[in-house]
Amino acid sequence: MTKPLDRDAWVELYDRHARDLHRYLALRVDAAIADDLVSEAFLIAWERRESFDPARASVKAWLFGIGTNLLRQHVRSEGRRLRAWARDHGRRAVTDRVDDRTAAVVDAKSLLSDLGETLADLRPEERDVLLMVAWADLSAAEVAEVTETPVATVRTRLFRARAKLRAKINGQEGDDDA
């Protein structure tokens, strides 16, 4: 789409990308908040439609960039929220007698808690790249467009974020073997 500026093209743009943007945002925040963020993202995009340059970024990347910026504004405390969630899951009591399946669920919840904390501890740019790839199904090139960062930098951030999560998983498994 070379000119997402006229009304018909705008309706097509919304139909094509609103669901994906909402899905991405709803994985990071409550669905109702995601509704508001999607609406606000399209409003901002509409207001700034004259400044859109298809040579600079795809429409999808442009919209996800707006949505991601809105998300950052809304969830400045994401790290604190994830840490609180991790602490809450870590406090859940486990009975002495549990079968193997229950033990596996408890182990998984414990690992999930640790991963939530590790996710919260990631640098914001690493966390954003990881979640855009995992939850929004964006390619490294699309994330580069969204973040206005070189593709190599995006790949490096993604590699580092995955390595930190992998280290946490391996560390958790190592604790169980001791």
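About the thresholds
Sequence order sets the numbering: in each chain, residues are counted from 1 along the sequence as written. Local features in this predicted model are restricted to residues whose pLDDT is 70 or higher, and side-chain atom pairs enter the listing and the counts only when it is 80 or higher, whereas totals over whole chains, interfaces and linings include all residues. The basis for every side-chain value is the complete set of heavy atoms in the structure, and neither hydrogens nor water enter the calculation. We call a residue buried when its accessible area falls under 20% of the maximum for its residue type, exposed when it is over 50%, and partly exposed in between, using a 1.4 Å probe and counting protein chains only. To qualify as a helix, a DSSP run of H or I must reach at least 4 residues; to qualify as a strand, a run of E must reach at least 2; elements of each kind are numbered from the N terminus. This arc is built from the directions going out from the helix axis to the C-beta atoms. One speaks of a salt bridge when a side-chain nitrogen belonging to Lys or Arg is within 4 Å of a carboxyl oxygen belonging to Asp or Glu.

Peer 1: Go over helix α7 (residues 140–147) with me, naming the residues and quoting the values.
Peer 2: Listed as buried for α7 are A140, V143, A144 and V146. Along the axis of α7, the buried residues cluster in a sector spanning 160°; they form a single face. Phi turns positive one or two residues past the end of α7, at E148, with a value near 55°.

Peer 1: How would you summarise the pattern of salt bridges if you had to cite specific residues and measurements?
Peer 2: Tallied over the entire structure, the rule returns eight salt bridges. Taking the shortest distance from any N to any O, the salt bridge between R28 and D128 comes out at 3.3 Å. Residue R28 is found in helix α1 (residues 7–28), and its partner D128 is found in helix α6 (residues 124–134); the two are separated by 100 residues along the sequence. Assigned by exposure class, R28 and D128 land together as buried. Across the pair R123 and E126 runs a salt bridge, and its minimum N-O distance is 3.3 Å. A residue is classified by how much of its surface remains accessible, and R123, at 35% relative accessible area, is partly exposed.

Peer 1: Please provide a residue-by-residue account of unusual backbone geometry, values included.
Peer 2: If you check the backbone angles, D137 has positive phi at about 55° while not being a glycine. You can see D137 is positioned in the loop between α6 and α7. Accessibility expressed as a relative area gives 59% for D137, which makes it exposed. Unusually for a residue other than glycine, E148 sits at a positive phi of about 55°. Positionally, E148 belongs in the loop between α7 and α8 (151–177).

Take it as geometry only, folks, not as evidence of what the structure does.
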